[in-house]
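These are the residues of each chain, in order.
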Amino acid sequence: MDSETLSTFSNSIKNGSISAPHPPKQPFVIGVAGGTASGKTTVCNMIISQLHDQRVVLVNQDSFYHSLGDDTLAKVYDYNFDHPDAFNTELLLSCMAMLKNGRAVNIPNYDFKTHKRIGPGCQVNPSDIIILEGILVLHDSRVRDLMNMKIFVDTDSDLRLARRIQRDTVERGRNIQNVLDQVVEHGLGHLPFTEKQITTPTGSVYPGVVFCKRLCGVSVIRSGESMENALRACCKGIKIGKILIHGEGNNGRQLIYEKLPADISSRHVLLLDPVLASGNSAVKAINLLLSKGVVESNIIFLNLIAAPQGIHMVCKKFPKLKIVTSEIDVTLDEDLRVIPGMGEFGDRYFGTNN
Ligand SMILES: O=P(O)(O)OC[C@H]1O[C@H](OP(=O)(O)OP(=O)(O)O)[C@H](O)[C@@H]1O
Ligand SMILES: O=c1cc[nH]c(=O)[nH]1
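The structure displayed is predicted, hence computed values, not measured ones. (Residues numbered from 1 in each chain as written. Chains lettered and ligands numbered in written order. Predicted model: local features only at pLDDT ≥ 70, side-chain atom pairs only at ≥ 80, totals over all residues. Heavy atoms only, no water.)

### Digging into the layout of surface pockets
Phase 1: What the largest pocket holds in volume is close to 830 Å³.
Phase 2: Lining the largest pocket are 33 residues, and of these Arg253, Val275, Ser281, Arg337 and Glu344 sit closest to its centre.
Phase 3: The greatest single-element share of the lining of the largest pocket, amounting to five residues, is contributed by strand S12 (residues 240-248).
Phase 4: Across the lining of the largest pocket, the residue classes break down as 14 nonpolar, 12 polar and seven charged. (1 Å grid on protein atoms, 1.4 Å probe; cavity = no way out; pocket = protein on both sides within 12 Å on 5 of 7 lines; lining within 4 Å. Points joined across faces, edges and corners; volume = space filled by probe spheres on them. Helix = DSSP H or I, 4+ residues; strand = E, 2+ residues; numbered from the N terminus. Nonpolar A, V, L, I, M, F, W, Y, C, P; charged D, E, K, R; others polar.)

Below is the structure:
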């Protein structure tokens, strides 16, 4: 929604052309839905800033996540937080009903790091306008029926993935392995596939996909090895080659060791290296793959943190290669460290930092 539309919308509320039923005056309820990291909060803030002379309250569906028990917490990375059952919708409905009837209500306080409700919650007073925001606020018809206006924030999924990884790692305490998994899964989505139906041992038919082409991974020792488990988890038994590159000063890169599948030229290659700084190591690795007959457009470079300079160098030299990254950082310092970056990735991941 652009600011002009918002301004028209807020004037409509003010001059009554979007009218809340009265008397008694009931709050006007706006539902704002959209995928994870689609920008719902930004849209809500835009709405609120346009409605500065109204009493507005923002209710977030996230507050109504169920607290997880110990068994679920032990396998939290298998838990689907994007499913309607993850929310206590009955509680959400009762809170919304109270607010709609002009009564103050206690909204739970959910902690994303412990996946539990914490503290006494937060009192929310009745208002002229209630904004209900969340990924699934349009899912349940009983919640939808409370709304006078519904907004869906539609944002490109690549952009949402990048934002989500950043938010999950920095703000919500998720671990690096989970981010590596997401990058690998997203990278695999770029490979050509056909649909295939599988009949499971219980006789039900499961619609799946099968990759059209042969694949392999190639990790750049040693940080790239941190991505191998995520790749193996998605592609059981995948061949993974290794490349060791030694950095000398800011520009020199020397190939020390390589062990690649003998038939690599006929494979799609997922090149694994979590840090793309100057791009010198990546260029060395990619040139080696090309010298072995790998087709440039068959290489997908999977990466966690990239500096603009490295992306520029790789894309300029190899325009047909794809890079999948979770974060494009600001720049490089004079020692070619990514800024803000995450320091020495290999030392942090393997625990060899002091
Ligand atoms: O784009 P560049 O400027 O070439 O820098 C990127 C390289 O630096 C990191 O490896 P590092 O040399 O830190 O080695 P490590 O993985 O063994 O820790 C990273 O894994 C890349 O291979
Ligand atoms: O910032 C950087 C640059 C190279 N290698 C890293 O681990 N971090």
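### Some thoughts on helix H7 (residues 176-188)
Phase 1: Given a rise of 1.5 Å per residue, 13 residues ought to cover 18 Å, and the 19 Å separating the end C-alpha atoms of H7 matches this to within 8%.
Phase 2: Of all the residues in H7, the buried ones are Asn178, Val179, Leu180, Gln182, Val183, Val184, Gly187 and Leu188. (Expected span 1.5 Å × (residues − 1). Buried < 20%, exposed > 50% of the residue type's maximum accessible area, 1.4 Å probe, protein only.)

### Focus: unusual backbone geometry
Glycine aside, a negative phi is what most residues show, and trans is what most peptide bonds show.
Phase 1: Cis geometry is found at the peptide bond from isoleucine 221 to arginine 222, where omega equals 5 degrees.
Phase 2: For arginine 222, the position within the fold is in the loop between strand S11 (215-221) and helix H8 (228-234).
Phase 3: Isoleucine 339 connects to proline 340 through a cis peptide bond whose omega is 0 degrees.
Phase 4: The topology assignment puts proline 340 in the loop between strand S19 (338-339) and helix H11 (345-350).
Phase 5: Here the phi dihedral of histidine 115 falls at roughly 60 degrees; this positive angle occurs in a residue that is not glycine.
Phase 6: For histidine 115, a relative accessible area of 8% puts it in the buried group.
Phase 7: Even without being a glycine, leucine 336 presents a positive backbone phi close to 65 degrees.
Phase 8: Within the fold, leucine 336 resides in the loop between strand S18 (331-332) and S19.

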